[in-house]
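So the chains spell out like this:
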Amino acid sequence: ILSVAAEKKAVSITGTMTDKAGGENKQLINKLNFTPEEIAREVESGEVIQREAAEEEEAEEDASIAIQENLQKSFDDLELFANENLEMASKSLEKKVRNFRDLASSNPETLAPFRIYRCGDPTTSSALITDVLCEVIGVRFFLDLRAPDELGSQDTPLLNQVDTLRYSRDMDMNTWRNLVRRALDQPRPTRVSISILNSKPFYEGLRERMPDKWQFEAKWAEWFKPSKEKAMFMDALNSGGLPLLNELILDTAPQEIAACMHVLSVAAERGAPLVLFCRAGKDRTGIISALALSCCKLDRSLIIKDYTLSEGRSSHLAKGTSGGKGALPGGLDMGAFKGAPPEVITNALRYIDSTFGSPSEYLASHGFSRSFQDSLKRDLSLK
């Protein structure tokens, strides 16, 4: 009886405690003003809010990507428009400026267009052509390979719009490169003057190629009969024609050629359009062009083809403006120097190979290192 009574009392106490605890929990919940059902709804609502926030963030990200894509499309459209204008301008200049063309046309599959142009003397161009060159194409450098006695009037629309920077052999290549870089920071374009057909070294080189008897006679004539000396030089030069001319340039102007390559390099590095020219835009321009294309690792056949495009585009090889030993003096047999036959540049490239090893070795040994050559290739190549 006592045992049964004790069990009943224990159940009664336990029930009371449970009821009391449950009541306290209910009171606590009521104090928070949330029922269990309401709490479940709030949790579910919080998940919805988080989900909506994530969806909103994803939508904003999609919108940002769309804006970026639209901006890129706008930039691409602008670049396409600009390139179309540049192409139209280039085509127009091909008809207006002697022997004008984009060097990249030698291999448009690998070379970037609108970087280097080559042509005959553009300095006498009209104001309209000057504006197309400077404003539309945006030329920053006019690399002039002519000798001082070939220069005509300096009062032309083009020359009135440019500053002038001249190379001198007493400059080291680092100093020269820095001067070229500084020129790009100026507001006006720059005519960079580098004569690669210098009278004294050229004629000394020509004299060394004469037979011994002729050398002695030429030395005697230099002192006692200059007119005879000039005639002897012209006979030797006429007999050698364009192949001899190119070999003499390579032999007697290596520093000037390296200086030209640094100008091309700085311009390409900065994306600054450049016009390379001499009198006819054929032989001196052809040598620098061939060396630049060699740096770009173009196949020889393409380099030769680029040179031959000058055939018929340069009407003559201009005579010198002085009666002395100018770069292109009177007395030349024009028939020996006209045209742009493939064998001329082929001979020049073979001469470089046989005498210096390769175009790369020729340039590296005279101040345009292989690292600069690699940089030029990179900067002139399509990205």
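Residues numbered from 1 in each chain as written. Predicted model: local features only at pLDDT ≥ 70, side-chain atom pairs only at ≥ 80, totals over all residues. Heavy atoms only, no water.

A. Up close: unusual backbone geometry. Non-glycine residue Asn 99 carries a positive phi angle of around 60°. Structurally, Asn 99 can be placed in the loop between helix H2 (36-96) and strand E1 (101-102). Phi is positive for Lys 297, which is not a glycine, with a value near 65°. Assignment of secondary structure puts Lys 297 in the loop between helix H9 (284-295) and helix H10 (300-308). (Helix = DSSP H or I, 4+ residues; strand = E, 2+ residues; numbered from the N terminus.)

B. Broad picture of the pattern of salt bridges. Summed over the entire model, instances satisfying the criterion amount to 17 salt bridges. In this structure, Glu 256 and Arg 169 form a salt bridge, with 2.6 Å as the shortest nitrogen-oxygen distance. Of this pair, Glu 256 sits in helix H8 (residues 254-269) while Arg 169 is found in the loop between strand E4 (163-166) and helix H4 (173-184), placing the two residues 87 residues apart along the sequence. Using a relative accessible area of 40% as the deciding quantity, one classes Arg 169 as partly exposed. One network of salt bridges, with partners in common, ties together Asp 121, Asp 144, Arg 146 and Arg 191. (Salt bridge = Lys/Arg side-chain N within 4 Å of Asp/Glu carboxyl O. Buried < 20%, exposed > 50% of the residue type's maximum accessible area, 1.4 Å probe, protein only.)

C. A look at H4. Its 12 residues give H4 an end-to-end C-alpha distance of 17 Å, which sits within 8% of 16 Å, the value for a rise of 1.5 Å per residue. The set of residues buried in H4 consists of Met 173, Trp 176, Arg 177, Val 180, Ala 183 and Leu 184. For H4, the buried positions fall inside an angular range of 115° around the axis, keeping them on one side. Projecting away from the buried face of H4 at angles above 90 degrees are the exposed residues Asn 174 and Arg 182. Between a side-chain oxygen at the N-terminus of H4 and the backbone nitrogen of Asn 174 the separation is 3.0 Å; the capping residue is Asp 172. (Expected span 1.5 Å × (residues − 1). Arc of directions from axis to C-beta. Polar contact = N/O pair within 3.5 Å; in protein donor to acceptor, adjacent residues only side chain to side chain.)

D. Inspection of the pairing of E4 at higher detail. Relative to strand E5 (residues 190-193), E4 runs parallel, the two being bridged by four bridges. Looking across to E5, one finds that Arg 166 is bridged to Ser 193. Considered for its hand, the β-α-β crossover made up of E4, H4 and E5 is right-handed. (Pairing = 2+ DSSP bridges. Right-handed = clockwise from strand over helix to strand, strands pointing away.)

E. Seen up close, the packing of H10 against helix H11 (residues 342-356). Viewed as axis vectors pointing N to C, H10 and H11 meet at an angle of 135°, and their least axial separation amounts to 8 Å. Relative to H11, the element H10 lies oblique. H10 and H11 meet at a crossing whose hand is right-handed. Here Arg 300, Ile 303, Ile 304, Tyr 307 and Thr 308 of H10 lie close against H11, whose contacting residues are Pro 342, Val 344, Ile 345, Thr 346, Leu 349 and Asp 353. Of the residues contributing to the contact of H10 with H11, the split by class is seven nonpolar, two polar and two charged. (Axes fitted to C-alpha atoms, helices over the stretch in contact; angles between N-to-C directions. Parallel < 35°, antiparallel > 145°, perpendicular 65-115°, else oblique. Left-handed = near helix turned anticlockwise from the far one by under 90°. Contact = heavy atoms within 4.5 Å. Nonpolar A, V, L, I, M, F, W, Y, C, P; charged D, E, K, R; others polar.)

F. View of the side chain of Arg 101. Relative to the elements of secondary structure, Arg 101 occurs in strand E1. Within the structure, Arg 101 has its side chain in polar contact with the side chain of Asn 99 (distance 2.8 Å). Among the polar contacts made by the side chain of Arg 101, one reaches the side chain of Ser 310 at a distance of 3.1 Å. Leaving out residues up to four positions away in the same chain, Arg 101 has contacts with Glu 94, Ile 116, Tyr 117, Arg 118, Asp 306, Tyr 307, Leu 309, Ser 310 and Arg 313.

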